[in-house]
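Listed here are the chains, written in short residue letters.
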Amino acid sequence: MNNPRYRPLIFGAVALLVVWGVAWAGYKIAANAKVTPEKVRAYLHKMDLGKLTGADRAAALRKLADMMTALSAEDRRAA
């Protein structure tokens, strides 16, 4: 395998694997970042607004509003 004729082939295969790995990682990150009605429900159950201070409550409500606006209309109705 030390033949110089194979070097571009090996380099191309490694580059192709790296590109596919980066694309797969991006796909997984995007899939996990997507807001779903289940994630909104989990956030609501996790947050107890009565126990939060004013600034923390405002931040939690702002995050909830951002999550709700990220949902589609059908998902918003379901949530």
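Above this note sits the structure.
So, here's what we can say about the structure. (Residues numbered from 1 in each chain as written. Predicted model: local features only at pLDDT ≥ 70, side-chain atom pairs only at ≥ 80, totals over all residues. Heavy atoms only, no water.)

Re helix α1 (residues 7-33)
In an α-helix, one turn spans 3.6 residues; hence positions three or four apart end up facing the same way.
So, point 1. Given a rise of 1.5 Å per residue, 27 residues ought to cover 39 Å, and the 39 Å separating the end C-alpha atoms of α1 matches this to within 8%.
So, point 2. Here α1 lies mainly on the outside; 0 of its 27 residues are buried. (Helix = DSSP H or I, 4+ residues; strand = E, 2+ residues; numbered from the N terminus. Expected span 1.5 Å × (residues − 1). Buried < 20%, exposed > 50% of the residue type's maximum accessible area, 1.4 Å probe, protein only.)

So, the packing of helix α2 (residues 37-46) against helix α3 (residues 54-70)
So, point 1. Between α2 and α3, whose axes approach to 10 Å, the crossing angle comes to 165 degrees. Taken together, the axes of α2 and α3 are roughly antiparallel relative to one another. By crossing handedness, the relation of α2 to α3 is classed as left-handed. Contact residues: K39, V40, Y43 and L44 in α2; A60, K63, L64, M67 and M68 in α3. (Axes fitted to C-alpha atoms, helices over the stretch in contact; angles between N-to-C directions. Parallel < 35°, antiparallel > 145°, perpendicular 65-115°, else oblique. Left-handed = near helix turned anticlockwise from the far one by under 90°. Contact = heavy atoms within 4.5 Å.)

Quick notes on the environment of W20
So, point 1. Within the secondary structure, W20 sits in helix α1.
So, point 2. For W20, a relative accessible area of 60% translates into the label exposed.
So, point 3. Taking the C-alpha atoms as reference points, W20 and A65, separated by 45 residues in sequence, lie 35 Å from one another.

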